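Chains, contacts and geometry: an overview
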Amino acid sequence: MDAKYIQQFKKGSLEMVLLCLLAEGESYGYEIITHLGQRGGDIFGPAREGTVYPILYRLEGGGLIQSRTAPAAANGGTKKYYSITPAGRALLEELTAYWSRYVSCVDGFVESAKKGGAVK
Amino acid sequence: MKERYIKQVKNRLLLSREAEASVLAGLRESFASAAEHGEGEAETIARLGPPRQFADEVMADLGGESFAAGRRQRAVRAAVLTALFAATLLVRTLVGPGLHEQGVHTYNLRPYLLFVAALSPLYYGLAGAVILALPSVWRDLRIRRGEVRRGMGLLCAALFLLLWGFLWIYLLGGFPTYAFSRAATFLLQYPVCFLPLGAGVFAGLNRR
C-alpha cells in the first residue's frame, strides 16, 4: 500500500493514541516512542521523534497534557515527563466515543463491499 | 556527532522560539534516553533519519502554526523599527542638518533636495518599515514553500540592516559624504532608492 494512505490514517489518529498512552500513566518522550513502536509499529510504521514531539508540543500548548522536568537517573540530564490533564481526559472520552462510531460506520461500508463481492 | 546532528536540525527549523526550544529539548532528551538504553549515537541518528527529514517532519506539523503565530511578532517588530526610524528623523530635525548640508560634501545634490523636501517623515518611516519587513516576508514565503534556509534569511536581513545603518548614520550627519561615490551618496541621500534595491534583492533571492 502507498505510504501516503498510511500517513493520512496516522495523521488523524496519532493524537488520540498519544492521549490514550498518557491516560494510562505518566511517560517521557523516548518511552512513548518505544511503546508506540512496540504496540503499534506494525500498523503505524516506526514511531519517529520528528512526528511525536510536535504532537506533544501541540497537546501541551492546548492544555490537554502537562509536563514536569525531572533529573534523569543515568546521565545527569533531565527528562520531561508528560501526563494527561482533566481537559485532555475529557477530550479523550469524546474522541474515543466518536472513534467507536467512526469504526462502526467505516466497517459498515467495508462489509457491504465485501458482501457485494467488490473486495475479498 | 550528536551536537552536529542537533545543529543541522536547528538550522533547518523555522519555528517560534518556544516551539523550537521544545523540539530541540525533546531531541536532546531522545539522545540521552537512547544512551540510557544502550543505543549509540550513530544508531540513534540512523533511527531519527537525516536532519533534513527530521526537520521536515517537524515543520510539516508545526510550520504553519509558527508562521501564523509569528505574524504579530513581525508586525510589532516593523512598528518598533518604524518608530526608531521616526525618532532618528526627529533627532536630525532637532540637531540640524548633517555635514553634507554644511558644505563638506563633494557632489552638488541641491536639485535633489527639493525632491527630498517634498517627502514627509511619515513617508520615510513607511519606506523604512517596508524595507525592514522585506527579509521577514522573504523568509515567510520560503516557509510557505517549504524551503527553509535560515542562513540565507539572516544574510539578507544583515544586508538590509547594514544598508539601513549607513542611512541612519548619514541622517544624523555622522558621515562626510565625500567618502562615497556619487552613486552611494545618491542612495544614502534618498531612502526611497532603497525600495527598488530591496525589491531587486528580494526578487533575486526568491527566484527558484
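The rules behind each value
Residues numbered from 1 in each chain as written. Chains lettered and ligands numbered in written order. Predicted model: local features only at pLDDT ≥ 70, side-chain atom pairs only at ≥ 80, totals over all residues. Helix = DSSP H or I, 4+ residues; strand = E, 2+ residues; numbered from the N terminus. Buried ≥ 20, exposed ≤ 12 C-beta atoms within 10 Å, placed from the backbone. Contact = placed C-beta atoms within 7 Å. Axes fitted to C-alpha atoms, helices over the stretch in contact; angles between N-to-C directions. Parallel < 35°, antiparallel > 145°, perpendicular 65-115°, else oblique. Left-handed = near helix turned anticlockwise from the far one by under 90°. Nonpolar A, V, L, I, M, F, W, Y, C, P; charged D, E, K, R; others polar. Core = buried A, V, L, I, M, F, W, Y, C linked by C-beta atoms within 7 Å. pLDDT = per-residue confidence, 0-100. Expected span 1.5 Å × (residues − 1). Pairing = 2+ DSSP bridges.

Quick word on the overall build of chain B
When helices and strands are counted, chain B shows nine helices and zero strands. Starting at the N terminus and walking to the C terminus, you meet the elements of chain B as α-α-α-α-α-α-α-α-α. Counting every position in chain B, which comprises 208 residues, the buried fraction comes to 26%. If you take every contact in chain B between residues at least 6 apart in sequence, the share linking residues at least 24 apart comes to 79%.

Focus: the overall build of chain A
Assigned secondary structure in chain A consists of four helices and three strands. Start at the N end of chain A and walk to the C end: the helices and strands fall as α-β-α-α-β-β-α. By residue count, 22% of the 120 residues in chain A fall in the buried class. Within chain A, counting contacts between residues at least 6 apart in sequence, those at least 24 apart form 48% of the total.

Quick notes on the packing of helix H1 (residues 2–12) of chain B against helix H2 (residues 17–36) of chain B
Residues and elements named next belong to chain B. Between H1 and H2, the least distance of the axes is 11 Å, while the angle of their chain directions is 160°. The pairing of H1 with H2 is recorded here as roughly antiparallel in orientation. Of the two elements, H1 crosses H2, and the hand of that crossing is right-handed. Listed contacts from H2 to Lys 2, Ile 6, Val 9 and Lys 10 of H1 are Leu 24, Leu 27, Arg 28 and Phe 31. A breakdown of the residues in the contact of H1 with H2 according to their chemical character gives five nonpolar, no polar and three charged.

Here's the deal with the interface of chain A and chain B
Often, the extent of an interface is quoted as the loss of accessible area upon association of its parts. Counting residues at the interface gives 17 residues for chain A and 20 residues for chain B. Element by element, the count of residues in the side of chain A that touches chain B is highest for helix H3 (residues 49–61) of chain A, at seven residues. Along the lines of polarity and charge, the residues of the side of chain A that touches chain B split into eight nonpolar, five polar and four charged.

Let's talk about the nonpolar core
Among soluble globular proteins, nonpolar side chains are generally buried collectively. Counting residues in each nonpolar core, the largest one holds 35 residues, and the members touching the most others are Leu 56 and Ile 65 of chain A together with Leu 13, Val 23 and Val 58 of chain B. Where this core is concerned, the elements lending two or more residues are helix H1 (3–24), helix H2 (29–44), H3 and strand S3 (78–84) of chain A together with H2 and helix H4 (51–95) of chain B. The element contributing the most residues to this core is H2 of chain B, with six residues. Apart from the residues lying within four places of it in its own chain, the contact partners of Val 23 of chain B are Tyr 53, Pro 54 and Tyr 57 of chain A together with Leu 13, Leu 15 and Val 58 of chain B.

A look at the confidence of the model for chain B
Interpretation of the predicted coordinates at a detailed level should be avoided for regions scoring low in pLDDT. Residues and elements named next belong to chain B. Summing up the model confidence of chain B, the mean pLDDT is 64 and the portion of residues at 70 or higher is 30%. At the low end of the mean pLDDT range in chain B sits helix H5 (residues 110–117), at 44; at the high end sits helix H3 (residues 41–48), at 88. Below pLDDT 50 for its whole length, residues 98–120 participates in 23 contacts with residues either more than four positions away or in separate chains. In this model residues 202–208 is a low-confidence stretch, pLDDT under 50, and it forms seven contacts with partners more than four residues away in sequence or in other chains. What the predictor reports for the complex is a pTM of 0.59 with an ipTM of 0.76.

A look at H2 of chain B
All names here are of chain B. Counted at 1.5 Å a residue, the expected span for H2 with its 20 residues is 28 Å, and the 28 Å between its end C-alpha atoms agrees. All of the buried residues along H2 are Ala 19, Ser 22, Val 23, Gly 26, Leu 27, Glu 29, Ser 30, Phe 31, Ala 32, Ser 33 and Ala 34. Of the residues one or two after H2, Gly 38 is the one with positive phi, at around 80°.

A look at the environment of Thr 85 of chain A
Along the chain, Thr 85 of chain A falls in the loop between S3 and helix H4 (86–115). Among residues more than four places away in sequence, those in contact with Thr 85 of chain A are Gly 63, Leu 64, Ile 65 and Gln 66 of chain A.

What to know about the sheet that holds strand S1 (residues 27–28) of chain A
Residue and element names in this part refer to chain A. The three strands lie next to each other as S1-S3-S2, forming an open sheet whose pairing is antiparallel. Only two strands of the sheet have a single neighbouring strand rather than two, namely S1 and strand S2 (65–71). Bridging between S2 and S3 involves seven bridges; their strand directions are antiparallel. Looking across to S3, one finds that Thr 69 is bridged to Lys 80.

Considerations on the environment of Leu 48 of chain B
Position of Leu 48 of chain B relative to the elements: it lies in helix H3. Taking the C-alpha atoms as reference points, Leu 48 of chain B and Tyr 5 of chain B, 43 residues apart in sequence, are found 10.0 Å from one another.

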